[in-house]
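Listed below, chain by chain, are the residues.
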Amino acid sequence: MKLLSTLAIFTSPLLADISLDPTFHFNGVIGDTSAESFSEIGGHAHDPNDNFAVQGLEPGMNLRVDDWLAGFTNINIFTDSNHKIDWELEEAFLKFKNLPGGFEVRGGRMLARMGLQNNQHLHTWTLINSNLTTSQFLGEEGLMSEGIELTWRKDFDRGFLAISSNFSNTASHHHHRDDEGHGEDEHEHSPEEAFMEDSVCVSRLLLSYNWNDFHQNILGINTAWGKNGYRRETSMHSIDYAYTWRENGIELGGREFSMGAEYFYRDVEWMGEDDPTLRGATSQNSLMAYINYRFHPQWVAGLRYEYLAGASGGADIHLGETEYAFESAKRERLTIALTREFRHSDLMFSTIRLQYSHDDLENENADSIWLQFGFNFGGPEIR
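Residues numbered from 1 in each chain as written. Predicted model: local features only at pLDDT ≥ 70, side-chain atom pairs only at ≥ 80, totals over all residues. Heavy atoms only, no water.

## A short note on the overall build of the protein
No. 1: When helices and strands are tallied, the protein shows three helices and 18 strands.
No. 2: Its C-alpha atoms give the protein a radius of gyration of 22 Å, near enough to 21 Å, the size a compact globule of 383 residues would have.
No. 3: For the C-alpha atoms alone, the extent of the protein along its principal axes is close to 85 × 50 × 45 Å.
No. 4: If you sum the accessible surface of the protein, you get close to 19,000 Å²; carbon and sulfur atoms cover 59% of it.
No. 5: In the protein, the 29 positive side-chain charges and the 59 negative ones have mean positions that sit 10 Å from each other. (Helix = DSSP H or I, 4+ residues; strand = E, 2+ residues; numbered from the N terminus. Rg over C-alpha atoms; globule rule 2.2 N^0.38 Å. Areas by Shrake-Rupley, 256 points an atom, 1.4 Å probe, with all protein chains shown as cover. Lys, Arg positive; Asp, Glu negative; His and termini not counted. Charge placed at Lys NZ, Arg CZ, Asp CG, Glu CD.)

## Looking at the side chain of T133
No. 1: Take T133: it is sitting in helix α3 (residues 132-138).
No. 2: A residue is classified by how much of its surface remains accessible, and T133, at 5% relative accessible area, is buried. (Buried < 20%, exposed > 50% of the residue type's maximum accessible area, 1.4 Å probe, protein only.)

## Some words on the packing of aromatic side chains
No. 1: Per the counting criterion, the structure on display carries eight aromatic pairs.
No. 2: Ring centres 6.2 Å apart and planes at 40° place the aromatic pair Y293 and F295 in the tilted group.
No. 3: Residue F295 is classed as partly exposed on the basis of its relative accessible area, which comes to 38%.
No. 4: Grouped by ring-pair contacts, the aromatic residues F257, Y293 and F295 constitute a single cluster. (Phe/Tyr/Trp six-rings, centres within 6.5 Å; stacked < 30°, edge-to-face > 60°.)

## Some details on unusual backbone geometry
Only a minority of non-glycine residues have a phi that is not negative, and only a minority of peptide bonds are not trans.
No. 1: Non-glycine residue H83 carries a positive phi angle of around 65°.
No. 2: Of note, H83 is situated in the loop between β3 (69-79) and β4 (85-99).
No. 3: A positive phi angle, near 65°, is found at R231, a position not held by glycine.
No. 4: Taking relative accessible area as the criterion, R231 reaches 65% and is therefore assigned exposed.

Here it is in C-alpha cells:
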C-alpha cells in the first residue's frame, strides 16, 4: 500500500490534464493627422506613431493544468517612431485557481486590473488608439506590474462579486522618441514623473449582474497608490460601468449593443526639479464614455468621447516665462470607427477598421484618420 501511495504521488503530475494553447495577433495601421506630430495626439506606446506603423505583433501562450493552475505569457513586437523594431514582454504570470474560500492568486508580470482598459492587450481594443486616461494617468503602456495579486470571488444566481488586490513593483519599458525630439513634456502631456514607479498597490471591486441571458451589467470601483517619479506619491480612484445587450443572449452571433463610462480622479504630489523645497499636490480628473453597436454579425460601429482636465502646480517664473513642476494639458477627443470582421474559423479571424478622431488641444485642433488591419489566432487568454 505504501508503494502504491508513493507511486501515486510521483506520477500524479504526469497524469495531469496539461494544455499549451498558443495565440498570435497582428495589428498594422496606416493614416495621417493634421497635428504637428503624431506624439502630440498620442501618448500610449502602441498608439499610431507614423503614417505606416506596426502597432503590435503579439505571440503568446496559455497554460492550463487541470482546474488548479493556469498561466499566460506574451510579447509585443512593434515599430517605433524612428521606424525601428522594438519589443517588450507584456505579461508572464501563473495563476493558482479554486483555492479554499473562493480565492485565487496570480504572480509574475501582469497588466494590473485598473479601470476598463488597462488589463486589455492591444488586439482587444475596440478602437485603434488607447483611452486618454490609460496613457495619461497610468503610464506610457498603462500600469504594468511585477508582483502578486490576490482575488476573492463569490458567484451568485445572476452574476458574481470579485475583489482583487495587487501588491507589486511597476515594470516600465521606455520607448524611443522621434528624431524631432517630441516628447510628452513638450506637448504638455502628463509628465512621466507623475506616473507611479517602484512599489504600488492596486485594488478593484467588480460586480457583475445579469438581468437575464440578454442583459449584462458590470460595475467597477478602483483605487491605486504608489511612489511616483518625484519620489513622492500618486494616488488614483475611479469608477466604471458597462452595459451589454446581446440579441442571442449567451449564444454566439446576432446583434449586440454595449455602452459604458469611466471616471478617474488622480492626485499627484510633486516636487520642484531644481528646488526640492518646492512641494505640493495637484488633482486632476478625466471622463470617458463609449457606445458600440454590432448591427450585423460582422460589422461593428463605435463611438467614444473623452475629457481630460488640465492641471498644473509649482509655478516658477524664470526669465519672464512660467515653468511648472507638474503640468498636464486639458484635452478633449471624439472618435468614431467602423469595423469589419472576417471569421475564418473558431480560432481565427481578421479585421479591417476605419477610424476618425478629432482632438481638441489647448492650442489647436487636430483631425486624424486611420485604417487598421488585424489578424487574430487563438482562443480566450488567461486573465
